[in-house]
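The primary structure of each chain is shown beneath.
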Amino acid sequence: MTTFDQHDEVPVPVEEEEEETDVLLSLTGITAAEHETIELKLAQALQLEPDKVSILEAQDDHVVVVVYSTRSAFDLAQQVNDQNQQQFDNPDSFQCSVVDMEEDVEIDETTAFQLWRDMPEQARTTHLALVASPDGEMIQPTHDNSTSCTVKSTTTTIPMQAQMERDPSLLEFDNTVRVSSIDDAHTNWEEPFVLTTGKSITKDVLQRDHLIQQFGDMLVRTGNRNTLVESGFDNSRPLTLQQAVDNHDTTTQPSEVGCIVFSPVQELSDEFQQHLEPLLAAFPAFLDEETSSHPHSQKYTLCLANQGFGIGMHKHNAAFFWLLEGTKKWYMAPSTTTTTRSNNDEEPDKKMNHQVPTHPEFYSTQSTHKCIQQAGEILYVPNQWYHEIFNLSYTAGIQALPD
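The structure reproduced in this document is the subject of the present report. (Residues numbered from 1 in each chain as written. Predicted model: local features only at pLDDT ≥ 70, side-chain atom pairs only at ≥ 80, totals over all residues. Heavy atoms only, no water.)

## Focus on the sheet that holds strand β15 (residues 327–334)
Then, number 1: Pairing within the open sheet is antiparallel, and its four strands lie in the order β13-β20-β15-β18. Across the chains shown, the open sheet's two edge strands, defined by having one partner strand only, are β13 (308–309) and β18 (369–374).
Then, number 2: With seven bridges connecting them, β15 and strand β20 (residues 385–391) associate as antiparallel partners. Bridge assignment links Tyr-331 to a residue of β20, and that residue is Glu-388. (Pairing = 2+ DSSP bridges. Helix = DSSP H or I, 4+ residues; strand = E, 2+ residues; numbered from the N terminus.)

Given below as structure tokens:
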């Protein structure tokens, strides 16, 4: 039995803050005239701030809304139904129910973009799983860069020097094959390779000052090393291009987890898409293994970052990355890579996955391929290969994935 002296402080249990999630509710029996006020009425019925409720889909007498709350979907629906006589025009026919997540809710791209843009800030990252920092500490992803990463370096927090402590070969080691064409005899689609033929048409396409001057007010999706690992587009934060590129305080030491622009080209302004047309038309095409052909159906993403980390270790379908400005260090490994870990004698061989501690070893022994990508080079990352990037300077480029 535990006893306490009268001078001892009695420990008080710390309540964990509940995570806010998004819930889809279906409203039937409403009038068309209520569409304009439905968000405010629901917020009042649920005692929430107005920005916690957004219309997802609207028809004459049927509306689907997304609600951001810590409460369960069924509790929310029940409270709305209990309040319907006070809030809605046709209480006898009104009904609120939880949307079956197995059913498709069709929305157009414009509506989806507006929902993302208007999403409450805390709803963007509170649901994300912990990720490993560059030094292996498990941290909660957040758009607040100052709390997104811890640096164990005792000598400096300058991004380049801190990363050199983890990877002494940061500026030197590169074992990725260079080829002059995707039809080159040395091109192996099972491993990363670099195309060197992109240098001739990259002049000033994404030059920083030009971008800010001509497209600085354009809205883009942003995140950082940690927030973009899982469902990066959905969790991103809207900023203007100028805000994103200048998203650091030059009077203090820069963060190694800085702001990254990661924005689908199809969402960007028509003027900017026209600006990129010559570049996108010259992009290499992926290999279709079934037909041994190169179909040119691809989706493109604009990527801009200052010195420091790109997106944390992740994998996806095969991708090309055309770097137009700056220099990047890539760390890559196949998903079937087995590694020997000195701190795990009981299970020395493990497949690479998100459950196995990988950092800071991924910058040394756990990555099989490393690449120092120069402006004008096009890097190919094979299907489902893990990869992570450290930007050695301001970088600008375009990612292409099969559509």
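Alright, that's what it looks like, and here's the rest.
## Examining the environment of His-359
Then, number 1: Here His-359 is to be found in the loop between β17 (349–351) and β18.
Then, number 2: The buried category is assigned to His-359, whose relative accessible area is 8%.
Then, number 3: Considering only alpha carbons, one finds His-359 and Arg-166, 193 residues apart in sequence, at a separation of 9.2 Å.
Then, number 4: If we skip the residues at most four places from it in the chain, His-359 touches Ala-132, Ser-133, Pro-134, Asp-135, Gly-136, Arg-225, Met-313 and Glu-388.
Then, number 5: Of note is the side chain of His-359, whose polar atom sits 2.6 Å from the side chain of Thr-358.
Then, number 6: Within polar-contact distance, the side chain of His-359 engages the side chain of Glu-388 at 2.8 Å. (Buried < 20%, exposed > 50% of the residue type's maximum accessible area, 1.4 Å probe, protein only. Contact = heavy atoms within 4.5 Å. Polar contact = N/O pair within 3.5 Å; in protein donor to acceptor, adjacent residues only side chain to side chain.)

## What about unusual backbone geometry?
Then, number 1: For the peptide bond that leads from His-359 to Pro-360, omega is 5°, which places it in the cis range.
Then, number 2: Considering the arrangement of structural elements, one finds Pro-360 in the loop between β17 and β18.
Then, number 3: Of note, Gln-47 is a non-glycine position whose phi angle comes to about 55°, a positive value.
Then, number 4: With respect to the secondary-structure elements, Gln-47 resides in the loop between α1 (38–46) and β2 (53–58).
Then, number 5: Residue Gln-47 is classed as exposed on the basis of its relative accessible area of 69%.
Then, number 6: One non-glycine residue, Gln-384, adopts positive backbone phi at about 65°.
Then, number 7: Within the element layout of this structure, Gln-384 appears in the loop between β19 (378–381) and β20.

## Thoughts on the pattern of salt bridges
Then, number 1: Counted under the stated rule, the structure contains nine salt bridges.
Then, number 2: Close ionic contact of Arg-178 with Glu-377 constitutes a salt bridge, the shortest N to O distance being 3.1 Å. Of this pair, Arg-178 sits in strand β7 (residues 177–179) while Glu-377 sits in the loop between β18 and β19, placing them 199 residues apart in sequence.
Then, number 3: The class for Arg-178 is partly exposed, based on a relative accessible area of 30%.
Then, number 4: Two residues, Glu-388 and Arg-225, come together in a salt bridge whose shortest N-O distance is 3.0 Å. Remark: Arg-225 occurs in the loop between β9 (219–223) and α7 (232–235) and Glu-388 occurs in strand β20; sequence separation between them is 163 residues.
Then, number 5: For Glu-388, a relative accessible area of 0% corresponds to the buried category. (Salt bridge = Lys/Arg side-chain N within 4 Å of Asp/Glu carboxyl O.)

## Focus: the sheet that holds strand β4 (residues 95–98)
Then, number 1: Strand order in the open sheet made by the four strands is β2-β3-β1-β4, with antiparallel pairing throughout. The strands lining the two open edges of the sheet, one partner per strand, are β2 and β4. On average, adjacent strands in this sheet sit at an angle of 30° to one another, irrespective of strand direction.
Then, number 2: Alignment of β2 against strand β3 (residues 62–69), held across five bridges, turns out to be antiparallel. Paired with Ala-58 across the two strands is Val-63, which belongs to β3. (Axes fitted to C-alpha atoms, helices over the stretch in contact; angles between N-to-C directions.)

## Section: the nonpolar core
Then, number 1: Residues Leu-206, Phe-272, Leu-276, Leu-304, Phe-320 and Ile-398 are the most contacted members of the largest nonpolar core, which totals 39 residues.
Then, number 2: At the level of secondary structure, the elements contributing two or more residues to this core comprise β8 (193–195), α6 (208–215), α8 (241–245), α9 (270–281), β12 (298–305), β14 (319–325), β19 and β21 (395–402).
Then, number 3: Looking at which element gives the most residues to this core, the answer is α9, with four residues.
Then, number 4: Leave out the neighbours within four places in its chain, and Leu-206 touches Leu-211, Phe-272, Leu-276, Leu-302, Leu-324, Glu-325, Tyr-394, Ala-396, Gly-397 and Ile-398.
Then, number 5: With 19 residues, the next largest nonpolar core counts Val-23, Val-53, Val-63 and Phe-88 among its residues. (Core = buried A, V, L, I, M, F, W, Y, C linked by side-chain atoms within 4.5 Å.)

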